[in-house]
Amino acid sequence: MKYKLLLTGNNKTVISEFFTQMDFSFECMSTSERYDDILNHMKYFQPDAFVYCLFRENPDEMKKLINVENLIFRQRLPIIVIGDPEECDMFTKAAPAMEVTMLQRPMTTRKIEKAVVKLLDARREQQEQEEREWQEQERKALEREAQEREAQEKERREQELMEAAAAVIAAGTAQEEKRRKHILIVDDDSSVLKLIKGYLSEKYDVATAISGKVAMKFLETRRTDLVLLDYEMPGENGPAVLGKIRSDEHIKNLPVVFLTGVTDKEKIQEVLAMKPQGYLLKPIDAERLFASIDGILAGKE
């Protein structure tokens, strides 16, 4: 593999050696020190490095390279400066902030070739490593997306099973001579759902929903006598769900009791401002839970 070099500078002898004695390692193109020439050659030649061959340039001539530094930097090209010690020192003073690789003559053509190849091999290895790291990051991102989709699908299936189970329970209780009261618990914490359902199942028919969206879907087709609604949930919170219930003509009078872990006075006032039939602080006390539900349901009869 040949590296492509864009060459400029007054040292025509060194430039000629790149073309005639280092052609095994490099494909070369020469350019003037004019900005437009360098711009056009870089655009169409696409070099791997920019080589400045010094010979009796004055500081003003050297500073011309600063004008194209940003262009070279954007393309992440190494800048190689070749000159005798005095010329290299003069270049450093003329462009102190420019990052370059200095090759000081006298050096044999072979040593110059080896030094440039070594530099470009290291650059290519670094680029390949960065590409491997990027591909690995991309692979991990795709794996995470697949895992998230799988988790969402699992959650959807579990919710369908919960809804199906609730539907079976509701269908069976409808045939009872005296229908038991039905409670819908809405909370994003599955442990809370399990705990409250365990409290209520012996006395009431209970359905659960892990989000406000699932709860509203349930209420579209099923009947319940009271909703225990978590106040703080990700996405659609309790107040948003209560607002939807109150705006629906068919269920606007449905009793709602907020479940909240907030003990701040102002927050509790915000809860009460929504005009629920009650609110219960978490962790839920079974005795207060039954007292609240029984009182509300007795008032409906």
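The notes below deal with the structure included here.

Conventions adopted
Residues numbered from 1 in each chain as written. Predicted model: local features only at pLDDT ≥ 70, side-chain atom pairs only at ≥ 80, totals over all residues. Heavy atoms only, no water. Helix = DSSP H or I, 4+ residues; strand = E, 2+ residues; numbered from the N terminus. Buried < 20%, exposed > 50% of the residue type's maximum accessible area, 1.4 Å probe, protein only. Contact = heavy atoms within 4.5 Å. 1 Å grid on protein atoms, 1.4 Å probe; cavity = no way out; pocket = protein on both sides within 12 Å on 5 of 7 lines; lining within 4 Å. Points joined across faces, edges and corners; volume = space filled by probe spheres on them. Nonpolar A, V, L, I, M, F, W, Y, C, P; charged D, E, K, R; others polar. Pairing = 2+ DSSP bridges. Axes fitted to C-alpha atoms, helices over the stretch in contact; angles between N-to-C directions. Core = buried A, V, L, I, M, F, W, Y, C linked by side-chain atoms within 4.5 Å.

On the secondary structure map, F50 appears in strand β3 (residues 49–53). Judged by its relative accessible area of 0%, F50 is buried. In this structure, the C-alpha to C-alpha distance between F50 and R139, residues 89 residues apart in sequence, is 35 Å. Leave out the neighbours within four places in its chain, and F50 touches L6, T8, I38, L65, I72, P78, I79 and I80.

For the rest of this paragraph, the subject is empty space enclosed by the protein. A probe as big as a water molecule, rolled over the atoms, marks out the empty space that is left. Under the definition given, this model contains 1 cavity of 30 Å³ or more. As a volume, the largest cavity reaches approximately 30 Å³. For the lining of the largest cavity, the residue count by class is 3 nonpolar, 1 polar and 2 charged.

Read across the sheet, 5 strands follow the order β7-β6-β8-β9-β10 without closing on themselves; strand pairing throughout is parallel. Strands at the two margins of the open sheet, each flanked by one partner only, are β7 (205–209) and β10 (278–281). Going from strand to strand, the sheet's axes swing by 20 degrees on average, the running direction of each strand aside. In this structure, strand β6 (residues 182–186) lies alongside β7, joined through 5 bridges in parallel fashion. Bridge pairing in β7 links I185 to T208. Against the sheet, helix α7 (residues 190–200) contacts β6, β7, β8 (226–230) and β9 (256–260), and its axis sits at roughly 165 degrees relative to β6. Helix α9 (residues 238–247) rests against β8 and β9 of the sheet, and its axis sits at about 175 degrees to β9.

For the rest of this paragraph, the subject is the environment of A94. Locating A94 in the fold gives a position in helix α5 (residues 85–94). What makes A94 buried here is its relative accessible area of 12%. A sequence separation of 22 residues divides A94 from I72, and the C-alpha atoms of the two residues are 18 Å apart. Setting aside residues up to four positions removed in sequence, A94 forms contacts with P59, M62, K63 and I66.

The next thing to look at is the environment of V271. Its location among the elements puts V271 in helix α10 (residues 265–273). Residue classification places V271 among the buried residues on the basis of a relative accessible area of 1%. If near-sequence neighbours (up to four positions away) are discounted, V271 is found in contact with Y231, F258, P276 and Y279.

Here we take up unusual backbone geometry. Glycine aside, the phi torsion of most residues is negative, and most peptide linkages are trans. Following R105, the chain continues to P106 via a peptide bond in cis, the omega torsion being 10 degrees. Relative to the helices and strands, P106 resides in the loop between β5 (101–104) and α6 (109–174). Here the residue pair K282 and P283 is connected by a cis peptide bond, since its omega of -5 degrees sits within 30 degrees of zero. With respect to the helices and strands, the residue P283 is situated in the loop between β10 and α11 (286–300). Backbone geometry places Q46, a non-glycine residue, at a positive phi of 55 degrees. As for its position among the elements, Q46 is in the loop between α2 (35–45) and β3.

L184, V186, L219, V227, L229 and I245 are the most contacted members of the largest nonpolar core, which totals 22 residues. Only β6, β7, α8 (212–221), β8, α9 and β9 provide two or more residues apiece to this core. Contact partners of V186, with chain neighbours within four places excluded, come to L193, A209, S211, G212, A215, V227, L228, L229, D230 and M233. By size, the runner-up hydrophobic cluster in this structure holds 19 residues, among which are A49, V51, I112 and V116.

Interpretation in functional terms is not warranted from these geometric data alone.
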